[in-house]
Amino acid sequence: MRGLTGSGDGGDANGGAVTGGGSGNGTGARGRRFPARWAASSTALAGLAVVGVFAVSCSTGGTGTRDEGPAGTQPVARITPTATTPSRAKPAPRVDAVALLKADPKVGERVRTDLKPCTGDEYPVDTSYGKLTGGSAADVVVNVMTCGDSVGVGTYVYRHRDNGTYDNVFTTEQPAVYGTIDRGDLVVTTQVYGKKDSVAYPSGEEVITYHWANTRFSEQDRVHNDFNRAVGAGEGDFPEPTEPTKN
């Protein structure tokens, strides 16, 4: 501070000439000017302090006192869509079901004789692929139907051999039969007809579940369903809907 105001000891030795702006008339004059010059110096320092604060605020890229709070909006979270992993399961190799049936001695002679295209080269044959016998490849379930009424006449299961051929491990031939694969089991459904039943309205059905064990299928479960014979007997209107009872 002494260098700025000229109030140091060097000022007295040189008759107060260090101030550069006074006449050097003695201590009294210097005493009167000292407070005014001190005030000016204080004002200058305050100005420098304000400039320093402004420079700091500008250097941080802020907007003055607003820097104390959050500036702008929060960053928007970006969700990166995850790519779906393609299935590694290999599709089961397709087989010529008609060729299997015609070359299989376990298929009844009547089924093989009647197995003809319904239209063009379309045979009345449904084919399903899936794991039934615990082999390394998918098993094949073949259902043979009639062309006119699509009534099942035979269900067959073929197991894949290591040499690429197929072995018949299940055969059932009877009217209105159909086999499906359900969670690793074979489910065979047979329609039950009475003497006066039409093909479209059977009296009931038998649902038998077979499970593969010890190199063969064995019956696991059997369900019998009786159908209402009045259904389909005539035409009628639907009853009017009623409101549910509330407690």
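Residue positions are given per chain, counting from 1 as you read along its sequence in written order. Where totals are concerned, whole chains, interfaces and linings use all residues; where local detail is concerned, this predicted model gives features only for residues with pLDDT of at least 70, and gives and counts side-chain atom pairs only at 80 or more. Side-chain metrics in this entry use all non-hydrogen atoms of the structure; hydrogen atoms and water are not considered.

Caption draft 1: View of the packing of aromatic side chains. Here the aromatic set is Phe, Tyr and Trp, taking the six-membered ring for Trp, and pairing holds for ring centres within 6.5 Å; pairs whose planes are under 30 degrees apart are stacked, those over 60 apart are edge-to-face, and all others are tilted. By the definition in use, this model includes three aromatic pairs. Judged by centre distance (5.8 Å) and plane angle (80°), the ring pair of Phe170 and Phe217 falls under edge-to-face. Of this pair, Phe170 sits in strand S4 (residues 166-172) while Phe217 sits in strand S8 (residues 216-226), placing them 47 residues apart in sequence. With respect to class, Phe170 is no different from Phe217; both count as buried. Grouping aromatic residues by their ring pairs yields a cluster made of Phe170, Tyr210, Trp212 and Phe217. Helix and strand labels come from DSSP, where a helix needs a run of H or I of at least four residues and a strand needs a run of E of at least two; each type is numbered from the N terminus. Note on classification: 1.4 Å probe, protein chains only; a residue is buried when its accessible area is under 20% of the maximum for its type, exposed when over 50%, partly exposed between these limits.

Caption draft 2: Up close: the state of the cysteines. Pairs of cysteine sulfur atoms within 2.5 Å are what we label disulfides. Applying the stated criterion across every chain yields a total of one disulfide. In this model, Cys118 is linked to Cys147 through a disulfide, with the two sulfur atoms separated by 1.9 Å. In this structure, the disulfide formed by Cys118 and Cys147 twists by about -85° around the S-S bond and is classed as left-handed. Separated by 29 residues along the polypeptide, Cys118 in the loop between helix H5 (109-114) and strand S1 (125-130) and Cys147 in the loop between strand S2 (139-145) and strand S3 (152-160) bring together distant segments of the chain.

Caption draft 3: Representation of the sheet that holds S2 within the structure. Note on pairing: two strands pair once DSSP finds at least 2 bridges between them. Here four strands make up an open sheet; going across it, the order is S1-S2-S3-S4 and the pairing antiparallel. Pairing within the sheet leaves two strands with one partner each, and these edge strands are S1 and S4. Averaged over all neighbouring strand pairs, the angle between strand axes comes to 20°, with direction disregarded. When S2 meets S3, the two strands line up antiparallel, connected through six bridges. Across the sheet, the residue bridging to Asn143 is Thr155, located in S3. Only C-alpha atoms enter the line fits that serve as axes; for helices the fit covers just the stretch in contact. Angles between N-to-C directions range over 0 to 180 degrees.

Caption draft 4: Region of interest: the side chain of Asn168. Along the chain, Asn168 falls in strand S4. Each polar contact in these results corresponds to two N or O atoms within 3.5 Å; when the atoms are within protein, one needs to be able to donate a hydrogen and the other to accept it, and residues that are neighboring in sequence are counted only if both atoms are side-chain atoms. Among the polar contacts listed, one links the side chain of Asn168 to the side chain of Asp104, at a separation of 2.6 Å. A distance of 3.0 Å separates the side chain of Asn168 from the backbone nitrogen of Phe170, its partner in a polar contact. Residue contacts for Asn168: discarding those within four places in its chain leaves Asp104, Lys106, Tyr156, Val157 and Tyr158. When checking whether two residues touch, look at their non-hydrogen atoms; a contact exists if any pair is within 4.5 Å.

Caption draft 5: Geometry of the sheet that holds strand S7 (residues 204-213). Spatially, S5-S6-S7-S8 is the arrangement adopted by the four strands of the open sheet, whose pairing is antiparallel. If you trace the sheet from one side to the other, it starts and ends with strand S5 (177-182) and S8, each paired once. Direction aside, the axes of adjacent strands within the sheet are offset by 20° on average. Judged from the seven bridges that link them, strand S6 (residues 185-192) and S7 form a sheet pairing that is antiparallel. In the sheet register, Leu186 faces S7, and the bridge partner there is Tyr210.

Caption draft 6: Seen up close, the pairing of S8. Both S7 and S8 contribute to a ladder of 10 bridges, which runs antiparallel. Bridge pairing in S8 links Ile208 to Arg222. The antiparallel hairpin formed by S7 and S8 contains two residues in its connecting segment, where Asn214 sits at a positive phi of about 55°.

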